[in-house]
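Remarks on the overall topology
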Amino acid sequence: SVMVLDGAAIATIGGKEYSLAPNDTSWIPAGVHHFFRNPSTSALLRIFWTYASIDATRTIVTTGETHRIDEEHGLGSAEKPGQPEAGM
C-alpha cells in the first residue's frame, strides 16, 4: 500500500498512469510492476508505504536487482524480530 501524504504523485501501476493527491491510497498486488514519481520540479512529494509481509521483495528496475525487504533494513531471515535465534 502507498499513501500520498504531501504533494502530487504520478503512479504507474501495471503500465497505467494514475494522478494522486494527498490522502489518495493505492494497493498494489504482489508481482505487479509499479513506481511513483513526483511530477513537480519544485514541490515536495511525501509518501508512506507498507508491505503486507516482511518477506516481500523489491526489484529495482534500472538494475534488475531483487532484494528482500528485511535484508534492506539489516534483518536476515534468522534475525527477524520476535523469532528465536537458530539453535534455540
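Cut-offs applied
Residues numbered from 1 in each chain as written. Predicted model: local features only at pLDDT ≥ 70, side-chain atom pairs only at ≥ 80, totals over all residues. Heavy atoms only, no water. Helix = DSSP H or I, 4+ residues; strand = E, 2+ residues; numbered from the N terminus. Buried < 20%, exposed > 50% of the residue type's maximum accessible area, 1.4 Å probe, protein only. Contact = heavy atoms within 4.5 Å. Areas by Shrake-Rupley, 256 points an atom, 1.4 Å probe, with all protein chains shown as cover. Core = buried A, V, L, I, M, F, W, Y, C linked by side-chain atoms within 4.5 Å. Salt bridge = Lys/Arg side-chain N within 4 Å of Asp/Glu carboxyl O.

Focus: the overall build of the chain
When you go through the chain residue by residue, the secondary structure sums to one helix and eight strands. Of all 88 residues assigned to the chain, the portion counted as buried reaches 17%. Within the chain, residue pairs in contact and separated by at least 24 positions form 35% of the contacts whose partners lie at least 6 positions apart. Of the roughly 6500 Å² that the chain leaves accessible, carbon and sulfur atoms contribute 56%.

Examining the nonpolar core
One finds V2, V4, A9, A11, I13, L20, I28 and F36 forming the largest nonpolar core, which totals eight residues. When residues of this core are traced back to their parent elements, those giving at least two are β1 (2–6) and β2 (9–13). In contact with A9, other than residues within four places in its own chain, are V4, Y18, S19, L20, R37, P39 and L45.

Focus: the pattern of salt bridges
When their charged atoms lie close together, side chains carrying opposite charge are able to pair. Counted by the stated rule, this structure contains four salt bridges. Between R37 and E17 there is a salt bridge, and its shortest N-O distance comes to 3.6 Å. Residue R37 is located in strand β5 (residues 34–37), and its partner E17 is located in strand β3 (residues 16–20); the two are separated by 20 residues in the primary sequence. Judged by its relative accessible area of 35%, R37 is partly exposed. Look at E17 and you get exposed, because its relative accessible area is 53%. Note that R68 and D70 form a salt bridge whose closest N and O atoms lie 2.8 Å from each other. Judged by relative accessible area, D70 falls into the buried class, the value being 1%. Each of D55, R68 and D70 takes part in a single network of salt bridges with overlapping partners.

Observations concerning the side chain of S26
Structurally, the position occupied by S26 is in strand β4 (residues 25–26). With a relative accessible area of 10%, S26 lands in the buried category. Aside from chain neighbours lying at most four places away, what touches S26 is S1, V2, I13 and F36.

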